[in-house]
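# Observations on the three-dimensional arrangement
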Amino acid sequence: MSASDQKLTTLYEMALLMGSEISEQPLVQKFLQCLLRHTDISSGMFISHLERQTNSYSFNICYSITDKPFSPDPCKQITRCGEMPLRSEFRSVQDDLQSLDPAFECYYSELLLPVGQTDAFILFSRDTTLSFSEQIFAPVLDNLATTLERHRSHQQLKDELQQETSERQRTEQMFKLVLDHVPAGVYWQNVDGTIQNANHWLIRDLSAAGAPDTKSETGSSLPSDTVNIQRLQDLIRQAQLQQDDSLVVKEGMEIRNKNYYLHRSDDSYLWVELNKIPIRDNNQNITGLLGTYRDITGRKLMMEELLHAKENAEQANRAKSSFLASMSHELRTPLNAIQGYTQLMEMDKADLIEEHVEGLQEIRKASDHLLQLIDEILDLSKIEAGHIDLRVEPINPIPVIQEALTLNKHLADRMGVSITTRFPDNLDLSVMGDSRRVKQILLNLVSNAIKYNHDNGTVELSMDQIGTEFRVHVSDTGFGLSQEQLEQLFQPFERLGMESSTRQGTGIGLVISQKLAEAMRGTIEVSSQPGKGSIFTLILPMATEHQLPQPMQSIELSVAEIISRGGEKTTTLYVEDNAANRMLVKKIFSKRDGDRLLTATTPEEGLEILRHETPDLVILDINLPGMSGYDLLRHIRTEGLHINRKLIALSANSGPEDIRQAEIAGFDAYLIKPLNIPEFNRQLNHWLEK
C-alpha cells in the first residue's frame, strides 16, 4: 500500500471512530493512537480545559501514550511556556519537558493539533522534521471538536438526569420517612370517596383503644396496601371522617383546622383537628382530596378542665364581689347615720361643750377611716378582677392637685405638718388621666407623707415635665424607708412595721394607687433614705393634643348659705325603710327653711303619697322591702307620676356599675351613703330651684 493510500486509510479510520464511539474517553484514546500511527510518532497526549494566556497556556492531561511509564492526573492543571496556536503546528520544544514529566525529557519537537478552543493533541518527536499535511487533518480535527461537544453535551444531560433521579429518589425516601413518622394522620382519596392511601399514624390513632401499633418487625410502617385501607375503613364509620368532603371535591373549598369528633368501632372516641384540600391535575381539574389531622383529644380534655376551673374561679370571684358589695352596703347604711348625725351636731357645735366637740371629732375620724377602708377594699377587689373603671382623657392636673391639698389640709394641721408647693411656670398642663383616679392617688400619697412624718415636719409638692412624661413629686421629711422595706412597699396589707403604731392605715392604699397609675399608662416611683424622708413620684403621659380642659370654678359657701336658699316652699318625698336614715334626712330638712319633707317606709306607701301629693323631688332608696327602688321607679313611670319632678336614687352601693344602672333606669341622679350633708344641701338647692 502506498503512503498516500495509508494516510487516506487512517483518515477514514478516524472518521469511522467519530461515528461509532458513543463516549468521549474511548474516542480520544483511539484517535490518539491513529494520529501516532499516521505520523510515525511514538508519544503523545490529549489535553482539555485549555486556557491561553500571554506567552503561556494551561491545561489538564486526560489521556497519554508514551515510550516510558507515565500516569497523568486528570485533575492536575499544568502550565507551559509558549503559545498554543489556533491551527496545527510542528515546532521545536520551547521549554524543559522534564518539568512536565521525566518520560518526556528525550523529545525535541512537538506537533500541536488544536481541537476547537479548549482541547488539543500534543505529539512529541525526537526528529526535528516531520512530513505532516495540516490541510488533510484540519477538517478531521474540526469534526472531532463538534463530536466532542456533542458527547459532552450528552454526558452533561445524562449527569443532570442522574442527579435529578437521585434527588427525586432521596426526596421520595425523605417524604416516606416524614409521612410515616410525622405525628399526624395523613390520607388521600379519589372524588368518589374511596380512600387510596394513608400513613400508619392514621391507622394507629383510629385503631381500638389499646390496640398494638401498625409497624412491622423491622420498625418501618406497614405498606399501605389494600388490606390496610380496608382495615382503616373498618376502624371507623367512614362518614365521620368524610364530613364536608363534597365542599372540597365539588366546590374546590379548603377546610382549615376544623374539629371533628370520630367514634371508633370499639365505642371509644377521639377529637381531631382536620384539614382538607382538593388534589388537582395539570388542567386544574379536581381528582381527589388530601386530608391531614392532629389528635386534639388531650387538648379538648384540658380545655374542658380549664373551662371548668375558669367557671369555678369566676363563680368564686362573683361570690367574693357579691359578698364585698353586700358588706359595703351593710356597713355604709349605719355609717350614714353615724356620719350624718355627727355632721349635724358639728353644725351646732357652738351649743356643745369642748369635751363633746372633741368626742365628735374622734367619731368623725373613726368613721372616715372605716369608710376609707371599705372603699379601698372594694377598689382592690375590682382591680384584682380587672374591672377598673377609668375615663382617661386630657385633664389639667393643677385643680386636681389643689383639691388633694385642700382635702388633706385638716390632717396636716392636726399632725403639725406644713405643706409647701413648688411649681414651675412653663409647664404644658395637659396630661392623660382620669381626674377622679388621679385625685385618689394624690390623696393617698399626700396623706401618707403627712401621717408618716415627724412632728413639725414638712411635705413638699413639686412637678415637672421630662419629655412626654408629667411628674408630680411628693416629698416628706419623715422616717424614710430601707431597701428591704422598698421591696415590700407595693404588697397588699403590708404596713412595713407600722402595724402597732397609732397611725391609721390599711396597707393597701399604695397598692391601689400603683395599679391605677399603671392602668392610666403611668407609674409611681419611690426613692427614700432612712431617717431623712421619702419622695414618691406619680408619672403620667402628656396629652398628645394640648387642649386644656376648662377649670372648674371654686365657690366657697358657708353652712348658712348652703342651707338658706330662699324661694317658694317645696315638697320632697323620701321613701326609706331604715328608721335611722329617715330620721337623719328629717333632721337635715328641719334646718332648711321652706322645704317640706314627706316620708314613706314602704314602696306602696310612697306610691299612695304620689297619687295624692305633688312633690317637687322624690328620693328613693334602692334596697326597699318587697320592691326595689328600680321596680318602684317603673310603677311611678307607668302611672305618669314622674312628670315635672326630679327622681333621685339613694343607696349604699357605690360601684360604677350601680351608678350606670341607675342612669339607664331613668333616675336623674344617684346619691351614695353615707351622705356628705353640705354637699347634699347643695344638690337639694339645685334640684329644688324653681
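Residues numbered from 1 in each chain as written. Predicted model: local features only at pLDDT ≥ 70, side-chain atom pairs only at ≥ 80, totals over all residues. Heavy atoms only, no water.

Counting its secondary structure elements, the protein contains 19 helices and 23 strands. Residue burial in the protein is summarised as follows: out of 690 residues, 42% are buried. For the protein, restricting intrachain contacts to residue pairs at least 6 apart in sequence, the fraction spanning at least 24 positions comes to 64%. Of the roughly 37,800 Å² that the protein leaves accessible, carbon and sulfur atoms contribute 51%. (Helix = DSSP H or I, 4+ residues; strand = E, 2+ residues; numbered from the N terminus. Buried < 20%, exposed > 50% of the residue type's maximum accessible area, 1.4 Å probe, protein only. Contact = heavy atoms within 4.5 Å. Areas by Shrake-Rupley, 256 points an atom, 1.4 Å probe, with all protein chains shown as cover.)

It is at 10 Å that the axes of helix 11 (residues 435-451) and helix 13 (residues 509-519) come closest, and there the two elements cross at 145 degrees. The two elements helix 11 and helix 13 cross, and the hand of that crossing is left-handed. Only Gly-509, Leu-510, Ile-512, Ser-513, Leu-516 and Ala-517 of helix 13 make contact with helix 11, whose side of the interface consists of Arg-437, Gln-440, Ile-441, Asn-444, Leu-445 and Asn-448. (Axes fitted to C-alpha atoms, helices over the stretch in contact; angles between N-to-C directions. Left-handed = near helix turned anticlockwise from the far one by under 90°.)

Time to look at the pattern of salt bridges. Pairing of side chains with opposite charge becomes possible as their charged atoms draw close. Summed over the entire model, instances satisfying the criterion amount to 27 salt bridges. In this structure, the salt-bridge partner of Arg-391 is Glu-393, at a minimum N-O distance of 3.6 Å. Overlapping salt bridges bring together Glu-24, Asp-119 and Arg-152 as one network. (Salt bridge = Lys/Arg side-chain N within 4 Å of Asp/Glu carboxyl O.)

Here we come to the side chain of Ser-534. Relative to the helices and strands, Ser-534 resides in strand 18 (residues 533-541). Here Ser-528 takes part through its side chain, which lies 2.7 Å from a polar atom of the side chain of Ser-534. Not counting the four nearest positions on each side in its chain, Ser-534 is found in contact with Val-474, Ser-475, Asp-476, Gly-480, Leu-481, Ser-527 and Ser-528. (Polar contact = N/O pair within 3.5 Å; in protein donor to acceptor, adjacent residues only side chain to side chain.)

Describing an aromatic ring pair means giving the distance of the ring centres and the angle of the ring planes. Scanning the model with the defined rule gives nine aromatic pairs in all. For the pair Phe-31 and Phe-121, a centre-to-centre distance of 5.7 Å together with 15 degrees between the ring planes defines the contact as stacked. Pair noted here: Phe-31 is in helix 2 (residues 24-39) and Phe-121 is in strand 6 (residues 119-125), with a separation of 90 residues, a long-range link. Of the two residues, Phe-31 and Phe-121, neither departs from the other in class, the shared state being buried. Ring centres 4.9 Å apart and planes at 55 degrees place the aromatic pair Phe-46 and Phe-121 in the tilted group. Residue Phe-46 is located in strand 1 (residues 43-53), and its partner Phe-121 is located in strand 6; the two are separated by 75 residues in the primary sequence. Of the two residues, Phe-46 and Phe-121, neither departs from the other in class, the shared state being buried. (Phe/Tyr/Trp six-rings, centres within 6.5 Å; stacked < 30°, edge-to-face > 60°.)

Given a rise of 1.5 Å per residue, 19 residues ought to cover 27 Å, and the 26 Å separating the end C-alpha atoms of helix 10 (residues 397-415) matches this to within 8%. Listed as buried for helix 10 are Pro-397, Ile-398, Val-400, Ile-401, Ala-404, Leu-405, Asn-408, Leu-411 and Ala-412. Against the buried residues of helix 10 lie strand 12 (393-395), strand 13 (418-422), strand 14 (431-433), helix 11, strand 15 (458-466) and strand 16 (469-476). Its side-chain oxygen placed 3.1 Å from the backbone nitrogen of Ile-398, Asn-396 serves as the N-cap of helix 10. One or two steps after helix 10, the chain reaches Gly-416, where phi turns positive at roughly 70 degrees. (Expected span 1.5 Å × (residues − 1).)

Time to look at the environment of Asp-192. Topologically, Asp-192 is positioned in the loop between strand 7 (185-190) and strand 8 (195-198). For Asp-192, a relative accessible area of 66% translates into the label exposed. Taking C-alpha positions, Asp-192 is 9.7 Å from Ser-246, a pair spaced 54 residues apart along the chain.

In a disulfide, the sulfur atoms of two cysteines are covalently bonded to one another. Tallying each qualifying case throughout the model produces zero disulfides. Free cysteine: Cys-62, not disulfide-bonded; nearest cysteine sulfur from Cys-75 at 9.7 Å. Exposure remark for Cys-62: the relative accessible area of 33% places this residue in the partly exposed category. (Disulfide = S-S within 2.5 Å.)

What follows deals with the sheet that holds strand 8. Strands sit in the order 8-7-11-10-9 across an open sheet of five strands; the sheet is antiparallel. The open sheet has two edge strands, strand 8 and strand 9 (255-263), and neither has a second partner. Here the average twist between neighbouring strands, direction ignored, is 30 degrees. (Pairing = 2+ DSSP bridges.)

A separate point is the confidence of the model for the protein. Considering every residue of the protein, the mean pLDDT works out to 81; 85% of them sit at 70 or more. Of the regions scoring below 50 in pLDDT, residues 209-227 engages in 23 contacts with residues more than four places distant in sequence or in other chains. Low pLDDT, under 50, characterises residues 546-567; the stretch is placed with 28 contacts to residues that sit more than four places away or in other chains. (pLDDT = per-residue confidence, 0-100.)

Right, let's talk about the sheet that holds strand 19 (residues 570-575) for a bit. In spatial order, the strands read 20-19-21-22-23; together these five strands make up an open sheet with parallel pairing. The open sheet has two free edges, formed respectively by strand 20 (595-600) and strand 23 (669-672), since each of these has just one partner strand. If you compare each strand with its neighbour and ignore which way they point, the axes differ by 20 degrees on average. Two strands pair when backbone bridges link them, and strand 19 and strand 21 (residues 617-621) are joined in this way by four bridges, in the parallel orientation. What sits directly across from Leu-573, in strand 21, is Val-618. Against the sheet, helix 19 (residues 677-687) contacts strand 21, strand 22 (646-651) and strand 23, and its axis sits at roughly 160 degrees relative to strand 23.

Once that is clear, we can look at the nonpolar core. One finds Val-438, Ile-441, Leu-442 and Leu-538 to be the most contacted residues of the largest nonpolar core, which totals 38 residues. Of all the secondary-structure elements, those providing two or more residues to this core are helix 10, helix 11, strand 15, strand 16, helix 13 and strand 18. In this structure Ile-441 touches Ser-513, Leu-516, Ala-517, Met-520, Ile-524 and Leu-538, once residues within four positions along its chain are discounted. Counting residues in hydrophobic clusters, the runner-up holds 24 residues, among them Leu-17, Phe-121, Leu-123 and Ala-145. (Core = buried A, V, L, I, M, F, W, Y, C linked by side-chain atoms within 4.5 Å.)

Let us look at the pairing of strand 1. Judged from the five bridges that link them, strand 1 and strand 6 form a sheet pairing that is antiparallel. Looking at strand 6, one finds that Gly-44 is bridged to Leu-123. Direction of pairing for strand 1 relative to strand 2 (residues 56-65): antiparallel, over a ladder of eight bridges. Among the inter-strand pairings, Gln-53 is bridged to a residue of strand 2, identified as Ser-56. Where strand 1 folds back on strand 2, the antiparallel hairpin that results is connected by two residues, among which Asn-55 adopts a positive phi of roughly 65 degrees.

This part takes up the pairing of strand 22. Burial analysis of strand 22 places five of its six residues in the buried class, which makes it a mostly covered element. For strand 21 and strand 22, the ladder comprises five bridges, and the chain directions are parallel. Directly across from Leu-617, in strand 22, lies its bridge partner Lys-646. Viewed along the sheet, the connection from strand 21 through helix 17 (residues 629-638) into strand 22 turns out right-handed. Sheet analysis places strand 22 next to strand 23, joined by four bridges and oriented parallel. When the sheet's bridge partners are listed, Ile-648 is paired in strand 23 with Ala-669. (Right-handed = clockwise from strand over helix to strand, strands pointing away.)

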